[in-house]
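Each chain, letter by letter, is given below.
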Amino acid sequence: MTTHISPESRSLLFCSQIRELESFGKTQQTEYSLMQKAGIAAARLAAGILQEKHLPVLIIAGPGNNGGDACETAARLAMMGWHCTLLMYGEPGKYSEDTKKSYTFASELPLTLQGYQDLSDILSTRWALIIDGLFGIGLTRDMDEHYAELINGINKLTVRSDTAVLALDLPSGINPDTGDFTNTQMLAIRADYTLTFIANKPGLHTAYGKDFAGKVFVDDLGIQVSKIPESRCLLIEVDIEADMLALSSLRRLPNTHKGHYGHVLIIGGVQGMSGACLLAGRSALLAGAGKVSIGFLDAAASFDALHPEIMCKNIRDFTVTNEVLVAGPGMGTSHEAKKILQDMLRKNTPIVIDADALNLIAAEPELQVVLRQKTSPVILTPHPLEAARLLGKSITQIQHDRLSAAKQLATTFNAIVILKGAGSIVSNPNGDILINTTGNPGLSTGGTGDVLAGLCGALLAQGMPTIEAAKFATWIHGKAADELVDSGIGPIGLCAGELPQAIRNILNRLVRQSDFPSQRQRPV
Ligand SMILES: NC(=O)C1=CN([C@@H]2O[C@H](COP(=O)(O)OP(=O)(O)OC[C@H]3O[C@@H](n4cnc5c(N)ncnc54)[C@H](O)[C@@H]3O)[C@@H](O)[C@H]2O)[C@@H](O)CC1
Ligand SMILES: Nc1ncnc2c1ncn2[C@@H]1O[C@H](COP(=O)(O)OP(=O)(O)O)[C@@H](O)[C@H]1O
Ligand SMILES: [K+]
């Protein structure tokens, strides 16, 4: 058995698949032994987090099997000499057989047992670590008053102290499939670490799950990996070896010219919104497009003073041939914008559709028909509000299940979709899902979406396959923001205009690391 972040842990399984695996696991070993393994792994991780034994640890055990995991964890920590308090929720008489065994095992060890009636004592103690074994994947309905009081109390306690929180399987209150709350009260325990069992879960990596899970570890509890159902949902990580083929699109042979690296044409920029096009254009330029043009809908800026390399014209003065189009930044939703978009959708060229172009499509069934009929590559980059308009839903409905929303958009419009936001979702029309692992709230500022659209355009222009372009663009865009934050530029005050240079650094690093023959120094 291993506690690890392994390549396999990039595979994300839905609750129904986990239950399937549990049933299979139980044919190999008893449910109780799975619970014991969960406890051993959690105690080991807790000891790694804390290191000093004399510090007080609170372990919260709920009424289901997640509570059993908690009892096992408490027992192991107590055996290792830790100062543990086990806070029991639920009636021991109503526990499952396995949870009863774990509870009996723990209660015979030197630890303090407390009932939830003692909550005020609990909430006035300074814990070094709190282990959340309240609910796992079995939480279904709204929480009773005493659970709500506990969760609010714990979150208040930890936000103003250095107490760390380790969630068992998932932060109690988070839906493992969607990352939304399981309850209408929007209650969940906010964890710094989550040790999830059997397999990694999508809900830990998007929406509220991303806020509440902290750093995620996966333990398979020794269930044979070969029995894991093939996952159609993966975390995006860039792996130089595995991504060698996609990265080879970026290789530069000596005997090439700008025509080999494509021409990106950004379409948008009505009066007052030309900045959106400049951001997208600069992003495309620094991400390696051979040529970049901006086709403004209103009077064009004569050139971009920061990047005079970019050709600026009025869109009506362009004859589109084989450019990669990025339509939407600052485009507005006028009748004129609709006509231009309709023309552009009819061209047989790759297109990235963002911002107002998405709003126009949402409002105009005619455009939807043209979009569905396209055979050249299409990437849609909606944020949740744009996604809501496209699907005729509310933002809340989109955020309630981001994976399904992305999938539905991809199948409805026969396109690759990047549903943006914390834990961006990339979906193809076949329903395969990727969840991004990079990015931070520094990106929550105007213009960062324009930079993403320009980056998608540049990768397509350099010949990357559509799904790879969407995946790499999403990952690199977030990674650029992470690196800017690491160097002190953000999250506060990070500007969209600072992203393209960081993106350029990452692209060149990836190409260098993948060590293509054309990049190697030849012996003299
Ligand atoms: N079955 C197995 O093979 C394994 C299960 N494990 C653990 O077991 C967990 C799943 O166990 P369970 O299915 O018992 O689920 P939970 O431990 O999440 O608890 C569900 C229990 O809580 C009750 N409940 C649900 N919503 C409630 C609410 N709002 N208020 C009050 N009570 C509520 C249910 O009636 C049920 O009794 C996993 O998340 C994992 O932690 C691990 O021990 C690994 C192996
Ligand atoms: N909290 C966050 N964590 C991670 N990424 C974020 C966060 N907030 C915003 N982003 C990212 O920033 C970008 C914002 O795009 P968008 O909303 O279209 O902005 P704009 O229209 O101003 O360009 C998206 O790529 C989104 O995924
Ligand atoms: K939990």
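Under an unreviewed UniProt entry, the chain has the name Bifunctional NAD(P)H-hydrate repair enzyme and belongs to Undibacterium oligocarboniphilum. Reading the Subunit (unreviewed entry) entry of the UniProt record for the chain gives the comment "Homotetramer."

Asker: I'm lost on the domain arrangement of the chain in this one. Help?
Answerer: By convention, interface size is frequently given as the accessible area that disappears when the constituent parts associate. The domains assigned to the chain are domain 1 (3-231) and domain 2 (244-519). For domain 1 and domain 2, the distance between their C-alpha centroids amounts to 40 Å. Per-residue buried area on domain 1 facing domain 2 is highest for Thr178, Thr206 and Lys210; these three make up 47% of the total on that side. There are zero salt bridges connecting domain 1 and domain 2. At the surface where domain 1 touches domain 2, the tally comes to five residue pairs in polar contact (both at pLDDT 80 or more). Grouping the constituent residues of the side of domain 1 that touches domain 2 by class yields four nonpolar, three polar and three charged.

Asker: Explanation requested: the UniProt feature "binding site: AMP" (unreviewed entry) in the chain in the structure shown.
Answerer: In the numbering used here, UniProt assigns the feature "binding site: AMP" (unreviewed entry) to Lys420, Gly421, Ala422, Gly423, Ser424 and Gly449. These residues run over 30 residues, yet every pair of their C-alpha atoms falls within 14.3 Å of each other. With respect to the helices and strands, the residue Lys420 is situated in the loop between strand E16 (416-419) and strand E17 (425-427). Those residues in contact with Lys420 that sit more than four places away from it in its chain are Asp354, Thr381, Pro382, His383, Pro384, Arg402, Gly449 and Leu452. Residues within four places of Gly423 in sequence aside, it is in contact with His205, Thr206, Lys210, Arg402, Ile435 and Asn436.

Asker: Explanation requested: the environment of Gly138 in the structure shown.
Answerer: Examined against the element boundaries, Gly138 turns out to sit in the loop between strand E5 (129-133) and helix H6 (145-159). Judged by its relative accessible area of 45%, Gly138 falls in the partly exposed class. Expressed as a C-alpha distance, the spacing of Gly138 and Asn66, which sit 72 residues apart in the sequence, is 8.4 Å.

Asker: Whenever I open this one, the site of ligand 2 confuses me. Can you help?
Answerer: Around ligand 2, 17 residues are found, and the nearest of them are Lys420, Gly421, Ser444, Gly447 and Gly449. At 2.7 Å from an oxygen atom of ligand 2 is found a main-chain nitrogen or oxygen belonging to Gly449. Residue contributions to the shell around ligand 2 peak at four residues, all from helix H16 (residues 448-461). Taken together, the residues that form the shell around ligand 2 break down as four nonpolar, 11 polar and two charged.

Asker: Honestly, the pairing of strand E13 (residues 324-327) in this entry has me stumped. Any pointers?
Answerer: What you see with E13 is no split at all: Val324 and Val326 on one side and Leu325 and Ala327 on the other are buried throughout. By the bridge criterion, four bridges tie strand E10 (residues 263-268) to E13 in an arrangement that is parallel. Directly across from Ile267, in E13, lies its bridge partner Ala327. Pairing between E13 and strand E14 (residues 351-353): three bridges, direction parallel. Looking across to E14, one finds that Val326 is bridged to Val352. After leaving E13, the chain enters helix H10 (residues 335-346) and then returns to the sheet as E14, a path that is right-handed.

Asker: I would appreciate a short explanation of the nonpolar core in the present structure.
Answerer: Soluble globular proteins tend to pack their nonpolar side chains together in the buried interior. Counting 58 residues, the largest nonpolar core has Leu459, Ile476, Leu499 and Ile503 as its most contacted members. Contacts of Ile476, omitting those with residues within four sequence positions, involve Leu455, Ile503, Ile506, Leu507 and Leu510. Ala41, Ala70, Trp82 and Ala164 belong to the second largest nonpolar core, which has 49 residues in total.

Asker: For this particular structure, what's the right way to read the state of the cysteines?
Answerer: Disulfide: a covalent bond formed between the sulfur atoms of two cysteine residues. Here the structure, examined in full by the defined rule, presents zero disulfides. Note on Cys15: no disulfide assigned, nearest cysteine sulfur contributed by Cys233 at a separation of 13 Å. Cys312 forms no disulfide, and the closest cysteine sulfur to it belongs to Cys277, at a distance of 9.1 Å. Looking at Cys312, the relative accessible area reads 13%, which means it is buried.

Asker: Before we go on, may I ask you to explain the pairing of strand E7 (residues 193-197) in this structure?
Answerer: Counting buried residues in E7 gives four out of five residues, a clear majority hidden from the surface. Pairing of strand E6 (residues 164-168) with E7, which is carried by three bridges, proceeds in the parallel orientation. What sits directly across from Leu168, in E7, is Leu195. By the bridge criterion, five bridges tie E7 to strand E8 (residues 215-219) in an arrangement that is parallel. Looking at E8, one finds that Leu195 is bridged to Phe217. Each parallel crossover has a hand, and the one from E7 via helix H7 (residues 207-213) to E8 is right-handed.

Asker: Where do I start with the packing of aromatic side chains in this structure?
Answerer: What describes a pair of aromatic rings is the distance from one ring centre to the other and the angle between the planes of the rings. Applying the stated rule across the entire model yields six aromatic pairs. Arranged with centres 4.9 Å apart and planes meeting at 25°, the rings of Tyr89 and Tyr116 form a pair that is stacked. Within this pair, whereas Tyr89 is found in the loop between strand E3 (83-88) and helix H4 (97-107), its partner Tyr116 is found in the loop between strand E4 (112-115) and helix H5 (119-123), the two being separated by 27 residues in sequence. On the basis of relative accessible area, Tyr89 is assigned to the buried category, the value being 0%. Among the aromatic residues, those joined into a ring-pair cluster are Tyr89, Tyr116, Phe135 and Tyr147. Between Arg190 and the ring centre of Phe212, over which it is positioned, the NZ or CZ distance is 4.2 Å.

Asker: What exactly am I supposed to notice about the pattern of salt bridges here?
Answerer: Once the charged atoms of two side chains with opposite charge are near each other, the side chains can pair. Summed over all chains, the structure comprises 13 salt bridges. Between Arg232 and Asp432 there is a salt bridge, and its shortest N-O distance comes to 2.8 Å. With Arg232 in the loop between E8 and strand E9 (233-236) and Asp432 in the loop between E17 and strand E18 (433-436), the pair connects residues that are 200 residues apart, well separated along the chain. Residue classification places Arg232 among the partly exposed residues on the basis of a relative accessible area of 47%. Take Asp432: its relative accessible area is 30%, and that puts it in the partly exposed class. Among the ionic pairs, Glu364 bridges to Lys338, the shortest N-O distance being 3.4 Å. Pair noted here: Glu364 is in the loop between helix H11 (355-363) and helix H12 (365-373) and Lys338 is in helix H10, with a separation of 26 residues, a long-range link. Residue Glu364 is classed as partly exposed on the basis of its relative accessible area of 23%.

Analysis parameters
Residues numbered from 1 in each chain as written. Chains lettered and ligands numbered in written order. Predicted model: local features only at pLDDT ≥ 70, side-chain atom pairs only at ≥ 80, totals over all residues. Heavy atoms only, no water. UniProt positions renumbered as here; feature names shortened; annotations may be inferred. Domains from an automatic or database assignment. Buried area = accessible area lost by both parts, 1.4 Å probe. Salt bridge = Lys/Arg side-chain N within 4 Å of Asp/Glu carboxyl O. Polar contact = N/O pair within 3.5 Å; in protein donor to acceptor, adjacent residues only side chain to side chain. Nonpolar A, V, L, I, M, F, W, Y, C, P; charged D, E, K, R; others polar. Helix = DSSP H or I, 4+ residues; strand = E, 2+ residues; numbered from the N terminus. Contact = heavy atoms within 4.5 Å. Buried < 20%, exposed > 50% of the residue type's maximum accessible area, 1.4 Å probe, protein only. Near = heavy atom within 4 Å. Pairing = 2+ DSSP bridges. Right-handed = clockwise from strand over helix to strand, strands pointing away. Core = buried A, V, L, I, M, F, W, Y, C linked by side-chain atoms within 4.5 Å. Disulfide = S-S within 2.5 Å. Phe/Tyr/Trp six-rings, centres within 6.5 Å; stacked < 30°, edge-to-face > 60°. Lys NZ or Arg CZ within 6 Å of the ring centre and 35° of its normal.

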